[in-house]
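Chain and residue survey
Here is how the chains run, residue by residue.
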Amino acid sequence: MFRLPLSIVLLIASSGQLSVAEDPVSYAQAIAPFLEEHCIACHDDGFETSDLAVHDLAAMLKGGRRGPSIVPGKASESLLIQYLKGIKQPQMPPKTSLPLDQIAVLERWINEGAKVDEGSVVTQRREQMRKQATEEAATFASDAPPPITSLSYRPDGEVVAVAGYREVILIDAATGKTIRRLAGFSEQVMAVAFSPDGRHLAGAGGTPGRGGEIRIWETQGWAETKVIRGHADVILSVAWRPKSDQIASAGLDRLIIVWDGATGKPIRTLKHHSDIVNTLAYSPDGKRLASGSADKTAKVFDAETGLQTAGLSTHNDSVLQVAFSPDGLHLATASADRGMAVWRLADLKNPIRGFGHTGPVHALAWRPDGTSLWAGSGGKPSFLSYKFENGNRVVDIKDSAMPVDWVYAVAVSPDNLSVAAGGWDGTLNIYSLKDGSKLRSIVPGGDSR
Ligand code: HEC
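Once a new chain begins, its residue numbering starts again from 1 and follows that chain's sequence as written. Two thresholds apply to this predicted model, a pLDDT of at least 70 for residue-level local features and 80 or more for giving and counting side-chain atom pairs, whereas whole-chain, interface and lining totals are computed over all residues. To obtain the side-chain values, all non-hydrogen atoms of the structure were included, while hydrogens and water were left out.

1. A short note on the overall build of the protein
Operational definition: In this text, helices come from DSSP runs of H or I with a minimum length of four residues, and strands from runs of E with a minimum of two, each type numbered from the N-terminal end. In this scheme, a residue with accessible area under 20% of its type's maximum is buried, one over 50% is exposed, and one in between is partly exposed, where area comes from a 1.4 Å probe on protein chains only. In these tables, accessible area is a Shrake-Rupley quantity obtained with a 1.4 Å probe, and a residue counts as shielded only by the protein chains included in the view.
When its secondary structure is counted, the protein shows six helices and 26 strands. Looking at the protein as a whole, 52% of its 449 residues are labelled buried. Accessible area for the protein stands at about 20,700 Å²; split by element, carbon and sulfur atoms hold 52% of it.

And the structure:
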C-alpha cells in the first residue's frame, strides 16, 4: 500500500483551514470571537437587554430574565438559538439577521455540550488579553502608565521605541525625554522594531478576534509610510529581514506572513505552527527566519524560499522568544517553562546549553558583543543575565533596583553600555552594563501627557 511520509501528512493536515469537519467547535476560536463581534456591545449584563450577559459560558448558562440562554447538548431548546433564528421575537441581533451557517456553528457547539476549551493556550491568551484590556482601560482612566510590551533601539543608539497603549513612544536614549508619540493603533501595541538599516520603524498589534495591523514610519521626519492589514487576529511579533525591504509578522492566528515593506503586499504565508506564534527573528545575514510558538516548538526557515529547515523541540511549554546571536552562529530560545536554550545553527538537533530562570521568560536579548544574554520574567528576581560561555550569571542588578513587576521587553543599547527593561508596571528602567546600577527610570510619555 502506498503511504505518505508522516511529515507530509502533517503538512497537509496543517495547511488547510483551522478546523477539520469532525473537530469539535472551539469556544476560544469560534464562539467567543463571534459573541464579541455580534452581541457583547449590548449584552453586558444590563436591564434593557433582559439582564443577559454573554462574556463567558457561566453568564450564558445563568441567562437573562427568561432563564438559561443555553441548554448544553440541546441547541433547539436553547433560547440563544431561538432568538437568533427568530423563533422567539425580537430576533437577535436586533434589526439584522446573521447568516444561517454562522448560527449553525453555534448550534453545533451547543449540541457538542457547550464546552469551553479552558486548557487551550488560545483561551488562556484570550482571557489574558481581555484581563489586560480591562486593566488597561482602568489604568488608562486613572492615568497610570500602560504596560510596556516591546522595546527597540534604533541602530545608531540615539532613540528607543516603546510599545504603548494605542501608540508607539519614542524616547531620547541620552536624556530619557519623550521625542514623539506615534498614534493610530486601536489597541495595545504588541511589538516594535527598527529596521537594521535604521531607516524604518514598525509597530504592530490589533484587535482580539478581529484583525492585526502593522504601521511603518520613516525615521527622519517620522511620517507614516504604510499600514499593513492581513492577519485575522492580534500580531505579537514583527521582524525586519536584513538587507531587504521585507518584514515578517506573526501572532494569534498562528500564521507567519512575510510582507514587502515598501508596497505592503504579502510575499508568502507560513502555516507551519499549530498554535499561536509568539516571536520571530531574522539571522543577521538575512538568510534565516526563526519563529517560536505556543505549540512548544521553535522553527527555522530558509528566508529566501520559505522552506522549513529545522524544527526545535526541547521546551515543555510555549516558546516565547527566539534571538540570533550577533555573529549569526547561534540561536537562543526562551520559554514559558522558565528555561532558555542556545542552539548552534550548524547543527540544530540538540541545544548546546540550557539556562533556568525564575519564571516564564518573556523577554530575551543578546549583548551586541555576543558575550551574554539578558532575560526578563515574572519571577523574583525578574531580570537576569547569563554568560554565553558557561551559563553563569553576570552583572547582577541589586534587588532594590530590579523592575518591580513582570518584565515583557528588554533591549541592549548598540554601544554595549546599557540595557533597557520594561514590563507590566509601565516603567522603563535603564541599567549600566558595567556594574548593574540603575541609570534611569522613566515613564515613557509621562513627561508629555
Ligand atoms: C443592539 C443591541 C443588541 C444586540 C447587538 C444583541 N441583543 Fe440580544 N437582546 C437585546 C435586547 C434589547 C433584548 C431584550 C428583548 C426583550 O426582552 O424583549 C435582548 C434579549 C436577548 C435574549 C433573551 C434573553 C432573556 O432571557 O430574555 C437573548 C437570548 C439574546 N438577546 C441573545 C443575543 C445574541 C446571541 C446576540 C448576538 C448574536 C444578541 N442578543 C445581540 C439587544 C441586543
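Don't stop here, the text continues.
2. Examining helix 2 (residues 27–38)
What counts is decided by this rule: Contacts described as polar in this section are N or O atom pairs within 3.5 Å, which, within protein, must combine one atom able to donate a hydrogen with one able to accept it, while residues neighboring in sequence count only if both atoms come from side chains.
Of the positions making up helix 2, those classed as buried are Tyr27, Ala28, Ile31, Ala32, Pro33, Phe34, Leu35 and Glu36. In this structure Ser26 caps helix 2, since a side-chain oxygen of it lies 3.3 Å from the backbone nitrogen of Ala28.

3. As for the nonpolar core
Selection rule: Within this scheme, the nonpolar core is defined by two criteria: the residues are buried Ala, Val, Leu, Ile, Met, Phe, Trp, Tyr or Cys, and they are joined through side-chain atoms within 4.5 Å. Here, residues are in contact when the closest pair of their heavy atoms is within 4.5 Å.
Grouped together as the largest cluster of nonpolar side chains are 23 residues, with contacts concentrated most on Ile31, Leu35, Val54, Met60, Ile70, Leu106 and Trp109. Elements that contribute at least two residues to this core include exactly helix 2, helix 3 (57–62), helix 4 (79–85) and helix 5 (100–111). When residues of this core are assigned to their parent elements, the largest contribution, five residues, is made by helix 2. In this view, Leu35 contacts Ile40, Val54 and Met60; residues no more than four positions away in its chain are not counted.

4. A short note on the sheet that holds strand 22 (residues 383–387)
How we decide: Any two strands are treated as partners once DSSP identifies two or more bridges connecting them. Every axis in this analysis is a line fitted to C-alpha atoms, fitted for helices over the stretch in contact. Angles between the N-to-C directions lie between 0 and 180 degrees.
Across the sheet, which stays open at both edges, the three strands sit in the order 20-21-22 with antiparallel pairing between neighbours. The open sheet terminates on both sides in strands that have one partner only, identified here as strand 20 (361–366) and strand 22. Direction aside, the axes of adjacent strands within the sheet are offset by 20° on average.

5. Overview of the site of the ligand
Which entries qualify depends on this criterion: We define proximity as follows: a residue is near a molecule or strand when any one of its heavy atoms falls within 4 Å of that partner. Under the grouping applied here, Gly and all other residues not named as nonpolar or charged are polar, the nonpolar ones being Ala, Val, Leu, Ile, Met, Phe, Trp, Tyr, Cys and Pro and the charged ones Asp, Glu, Lys and Arg.
Close contacts around the ligand come from 21 residues, with Cys39, Cys42, His43, Arg66 and Met92 the closest. Between the ligand and Arg66, the relevant distance is 2.4 Å, taken from an oxygen atom to a side-chain nitrogen or oxygen of the residue. When residues in the shell around the ligand are grouped by element, the largest group, three residues, is from helix 4. Here the shell around the ligand is built from residues that sort into 11 nonpolar, seven polar and three charged.

6. Focus on the packing of aromatic side chains
Here a ring pair, both rings aromatic, is described through the centre-centre distance and the interplanar angle of the planes. Convention followed: Only Phe, Tyr and Trp rings are paired, with Trp represented by its six-membered ring, and only when their centres lie within 6.5 Å; those with planes under 30 degrees apart are stacked, over 60 edge-to-face, the remainder tilted. Sitting over a ring, as applied to charges here, requires NZ of Lys or CZ of Arg to be within 6 Å of the ring centre and within 35 degrees of the ring normal.
Overall, the coordinates contain seven aromatic pairs when judged by the stated rule. Note on Phe383 and Tyr431: the rings are 5.8 Å apart at their centroids and 40° apart in plane angle, and the pair reads as tilted. In this pair, Phe383 is assigned in strand 22 and Tyr431 in strand 25 (residues 428–432), connecting sequence segments 48 residues apart. With respect to burial, Phe383 and Tyr431 carry one shared label: buried. Across from the ring centre of Phe185, 5.4 Å away, lies the NZ or CZ of Arg215, which sits over that ring. A cation over a ring is seen here: Arg353 above Phe388, with NZ or CZ 4.8 Å from the ring centre.

7. Topic: the confidence of the model for the protein
Formally: On a scale of 0 to 100, pLDDT captures the predictor's confidence in every residue.
Confidence in the prediction of the protein, expressed as mean pLDDT, is 87, and 88% of residues score 70 or more. By mean pLDDT, helix 1 (residues 6–15) is the weakest element of the protein at 30, and strand 13 (residues 288–293) is the strongest at 98.

8. Some words on the pairing of strand 11 (residues 266–270)
Direction of pairing for strand 10 (residues 256–260) relative to strand 11: antiparallel, over a ladder of four bridges. Across the sheet, Trp259 pairs through a bridge with Pro266, a residue of strand 11.

9. Digging into the pairing of strand 10
Taking burial as the measure, the five residues of strand 10 include four buried ones, the bulk of the element. Examined bridge by bridge, strand 9 (residues 246–251) and strand 10 share five bridges and lie antiparallel to one another. Considered in strand 10, the bridge of Gln246 is made with Asp260. Hairpin connection between strand 10 and strand 11: a loop of five residues separates the two successive antiparallel strands, and Gly264 in this loop has a positive phi of roughly 80°.

10. Regarding the pattern of salt bridges
Heads up, the condition is: Between Lys or Arg on one side and Asp or Glu on the other, a salt bridge is scored when a side-chain nitrogen of the former is within 4 Å of a carboxyl oxygen of the latter.
For the coordinates displayed, the defined rule picks out 14 salt bridges. With a closest N to O distance of 3.2 Å, Glu224 and Arg215 form a salt bridge. On the basis of relative accessibility, which here comes to 36%, the residue Glu224 falls in the partly exposed class. Judged by relative accessible area, which is 9%, Arg215 ranks as buried.

11. Some words on the sheet that holds strand 5 (residues 200–207)
Pairing is antiparallel across the open sheet formed by seven strands, whose spatial order is 1-2-3-4-5-6-7. Taken across any chain shown, the strands that pair with only one partner, and hence form the sheet edges, are strand 1 (151–153) and strand 7 (224–229). The average undirected angle you get between the axes of adjacent strands in this sheet is 20°. Where strand 2 (residues 159–163) and strand 3 (residues 165–172) come together, five bridges link them in antiparallel fashion. Within the sheet, the bridge partner assigned to Ala163 lies in strand 3 and is Val168.

12. As for helix 5
We apply this condition: A helix is expected to span 1.5 Å multiplied by its residue count minus one. Of all possible arcs, the one meant is that of the directions from the helix axis to the C-beta atoms.
For helix 5, with 12 residues, the first-to-last C-alpha span of 16 Å sits near the 16 Å given by 1.5 Å per residue. Burial in helix 5 covers these residues: Ile103, Leu106, Glu107, Trp109 and Ile110. Considered in projection along helix 5, the buried side chains sweep an arc of 160° and stay on one side of the axis. Just past helix 5, the residue Gly113 takes up positive phi, approximately 105°.

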